[in-house]
Amino acid sequence: MISFDEAYEKAKSLMDGIDHCTEYETAFVFGNLTGDEIGGWRSGPVVILKEDGKAICMPEFIVNHDSAEIRTIKL
């Protein structure tokens, strides 16, 4: 199980300008509310799975992971 801090560090290495995170039961989703999120690793959002720390894109998370939202964190 990956911690929030570990997930945040990994997401920062994959995406620029992270300013928020939405925590789900199975993942952390990092993004930038002030920018244009059009997909792709550098523009986000980026999903870090809690179970193993694997980074996936948002469409894969939506299609393959049924997970309830827990909270939104402003960074």
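Refer to the structure printed above.
A brief report on the enclosed structure follows. (Residues numbered from 1 in each chain as written. Predicted model: local features only at pLDDT ≥ 70, side-chain atom pairs only at ≥ 80, totals over all residues. Heavy atoms only, no water.)

### Considerations on the sheet that holds strand 4 (residues 55-57)
Here's step 1: With respect to topology, five strands assemble into an open sheet ordered 4-3-2-1-5, the strand pairing being antiparallel. The open sheet has two edge strands with one neighbour each: strand 4 and strand 5 (69-74). The average undirected angle you get between the axes of adjacent strands in this sheet is 25 degrees.
Here's step 2: Bridging between strand 2 (residues 27-31) and strand 3 (residues 46-49) involves four bridges; their strand directions are antiparallel. Along strand 3, the bridge assignment pairs Ala27 with Leu49. (Pairing = 2+ DSSP bridges. Helix = DSSP H or I, 4+ residues; strand = E, 2+ residues; numbered from the N terminus. Axes fitted to C-alpha atoms, helices over the stretch in contact; angles between N-to-C directions.)

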